[in-house]
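Structural features, examined
Now for the letters of each chain:
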Amino acid sequence: MTPKKIIVLGATGSIGDSAVAVMREHRNEFKPVAFVALKSKEKCEALAAEFSAKSYVGEGAALKAIEENDADLCLVALVGESGIEPTLAAIEKGMDIALATKEVLVMEGAKVMAAAKRRGVKMLPVDSEHSAIFQCIQQGGEVERLILTASGGPFLDSPSDLSKVTVEEALNHPSWKMGPKVTIDSSTMMNKGFEIIEAHWLFSIPPDKIDVVVHPQSIVHSLVEFKDGATLAQLSPPDMRVAIQYALSWPQRLPSKREVLDLAQIGKLEFRAPDLERFPALSLAKKALLSGGTAARRLAEADEKAVNDFLQGKILYTDIIKKCEEALNND
Ligand code: MG
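Residues numbered from 1 in each chain as written. Predicted model: local features only at pLDDT ≥ 70, side-chain atom pairs only at ≥ 80, totals over all residues. Heavy atoms only, no water.

**Here we look at the packing of helix 8 (residues 180-188) against helix 14 (residues 317-329)**
- For the pair helix 8 and helix 14, the least separation of the axes is 11 Å and the interaxial angle reads 85°. As far as their axial angle goes, helix 14 and helix 8 are roughly perpendicular. Contact residues: helix 8 offers Ile184, Ser187 and Thr188, while helix 14 offers Tyr317, Ile320 and Ile321. (Axes fitted to C-alpha atoms, helices over the stretch in contact; angles between N-to-C directions. Helix = DSSP H or I, 4+ residues; strand = E, 2+ residues; numbered from the N terminus. Parallel < 35°, antiparallel > 145°, perpendicular 65-115°, else oblique. Contact = heavy atoms within 4.5 Å.)

**Quick notes on empty space enclosed by the protein**
- Under the defined criterion, the tally for this structure stands at 1 cavity of 30 Å³ or more.
- Approximately 60 Å³ is the volume found for the largest cavity.
- Lining the largest cavity are Ser128, Ser131, Ala132, Gln135, Trp176, His221, Gln234, Ser236, Asp239, Met240, Val242 and Ala243.
- Residue assignment for the lining of the largest cavity shows that the elements contributing at least two residues are helix 6 (128-137) and helix 10 (240-249).
- At 4 residues, the largest contribution of residues to the lining of the largest cavity is made by helix 6.
- Tallied by class, the residues present in the lining of the largest cavity amount to 5 nonpolar, 6 polar and 1 charged. (1 Å grid on protein atoms, 1.4 Å probe; cavity = no way out; pocket = protein on both sides within 12 Å on 5 of 7 lines; lining within 4 Å. Points joined across faces, edges and corners; volume = space filled by probe spheres on them. Nonpolar A, V, L, I, M, F, W, Y, C, P; charged D, E, K, R; others polar.)

**A short note on the coordination of the magnesium ion**
- With distances of 2.1 to 2.3 Å, the protein atoms coordinating the magnesium ion are Asp127 (OD), Glu129 (OE) and Glu195 (OE).
- Positions of the donor residues of the magnesium ion, expressed as sequence spacing, correspond to D-x1-E-x65-E. Of this pair, Glu129 sits in helix 6 while Glu195 sits in helix 9 (residues 190-203), and the two are 66 residues apart along the sequence.
- The exposure class assigned to Glu129 is buried, which follows from its relative accessible area of 7%.
- In this structure Glu195 comes out as buried when scored by relative accessible area, which is 1%. (Donors = N, O, S within 2.8 Å, 3.2 Å for Na, K, Ca; no water. Buried < 20%, exposed > 50% of the residue type's maximum accessible area, 1.4 Å probe, protein only.)

**Some words on the environment of Ala302**
- Here Ala302 shows up in helix 13 (residues 295-311).
- Apart from the residues within four sequence positions on either side, Ala302 is in contact with Lys323, Cys324 and Ala327.

**Some thoughts on unusual backbone geometry**
- Cis geometry marks the peptide bond from Ser158 to Pro159; its omega dihedral reads 0°.
- As for its position among the elements, Pro159 is in the loop between strand 7 (143-150) and helix 7 (167-170).
- With omega at 5°, the peptide bond leading from Trp250 into Pro251 counts as cis.
- Here Pro251 is to be found in the loop between helix 10 and helix 11 (263-266).
- Positive phi, close to 50°, is recorded for Ser204, a residue that is not glycine.
- Structurally, Ser204 can be placed in the loop between helix 9 and strand 8 (210-214).

**Points about the domain arrangement of the protein chain**
- Each assigned domain of the protein chain is listed with its residue range as follows: domain 1 (4-126) and domain 2 (130-234 + 266-329).
- Summarising the inter-unit geometry, the C-alpha centres of domain 1 and domain 2 are found 24 Å apart.
- At the junction of the two partners, domain 1 supplies 17 residues and domain 2 supplies 21 residues.
- Of all residues in domain 1, Lys102, Val106 and Pro125 bury the most surface against domain 2, accounting for 39% of the area lost on that side. (Domains from an automatic or database assignment. Buried area = accessible area lost by both parts, 1.4 Å probe.)

**Thoughts on the layout of surface pockets**
- In this structure, the second largest pocket occupies an estimated 340 Å³ of space.
- Element by element, the count of residues in the lining of the second largest pocket is highest for helix 10, at 5 residues.
- Residue composition of the lining of the second largest pocket, by class: 7 nonpolar, 7 polar and 5 charged.

**Topic: the packing of aromatic side chains**
- By the definition in use, this model includes 5 aromatic pairs.
- Pairing Phe35 with Phe51 gives two aromatic rings, centres 5.7 Å apart and planes at 45°, and the pair type is tilted. In this pair, Phe35 is assigned in strand 2 (residues 30-37) and Phe51 in helix 2 (residues 41-51), connecting sequence segments 16 residues apart. Of the two residues, Phe35 and Phe51, both sit in the buried class. (Phe/Tyr/Trp six-rings, centres within 6.5 Å; stacked < 30°, edge-to-face > 60°.)

**So, helix 8**
- In terms of residue burial, helix 8 counts as a mostly covered element, since 7 of its 9 residues are buried.
- Restricting attention to buried positions, one finds in helix 8 the residues Lys181, Thr183, Ile184, Asp185, Ser186, Ser187 and Thr188.
- Backbone geometry just downstream of helix 8 places Met189 in the positive-phi region, at approximately 70°.

**Re the packing of helix 6 against helix 10**
- It is the contact of helix 6 with helix 10, at a shortest axis distance of 9 Å, that shows an interaxial angle of 50°. Classified by the angle between their axes, helix 6 and helix 10 sit oblique to one another. By crossing handedness, the relation of helix 6 to helix 10 is classed as left-handed. The residues of helix 10 that touch helix 6, namely those facing Ser128, Ser131, Phe134 and Gln135, are Met240, Ala243 and Tyr246.
- Class assignment for the residues of the contact of helix 6 with helix 10 results in 4 nonpolar, 3 polar and no charged. (Left-handed = near helix turned anticlockwise from the far one by under 90°.)

Structure (structure tokens):
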């Protein structure tokens, strides 16, 4: 089998690290041709040297890498809105997309999915929840409902007053290691809100058929309920490499030396309904999706700005959701 040629956008972030680990384990299957980073020049060049690939760093580097290289697949793991134009460019060149940057579909879902359809390009989810759903629907059958699991983040039950939450507390996620933006979004559950929007576009399922269940252990990564009442789930330890490897290797499954699930050792898996009053982000995201037009884009933009302001100590933790709410009401 000729190795799959891959362009890695966002090679030096946490998804990039996991993708590189997967490609190191499967050098005969994957051939990275270009690594792209916004800032970490040294790290990006070291990766390029290791895999005899090219390195692209800085503003505009992603578009340049796509223009200058042919690849079977483009892994999009850039931060936020900066992922949109490169995703569209890679689709136009006929590359399949392994999508980690959820803002691409949150902000431009209709446009991106239409372009992928027109070019016959596959959109392969890297987000663990969407990978789980994608894995469950591979066996076919009419889908009745998608159930996204949410860890609930560090503030599931306490403190009662969220306004005093510090940056450090919000960056301390109980089960996943991720970049700062998505970690804060996980703590407000805006990340889950965006995942509802992302799931809607990826799987063409209406918003009222996408539910969220809180599952603190992050072992069940999401579930699909089929028309006949059967529900399938995908389970694995919370390790992003599982979803990344599947996105890169699809439709194949490749071996892995990673830790596998030991349910007897875990003992107990918990589930409960999300507290919509404590976490209004879920309702805001559904509202944005139902409003259509630019509502989801406005929500994502407001969130990106508010999270940055919070990280810089300019606003309170609870102001993040307030700013999002305002943006959505600003029609
Ligand atoms: Mg996720």
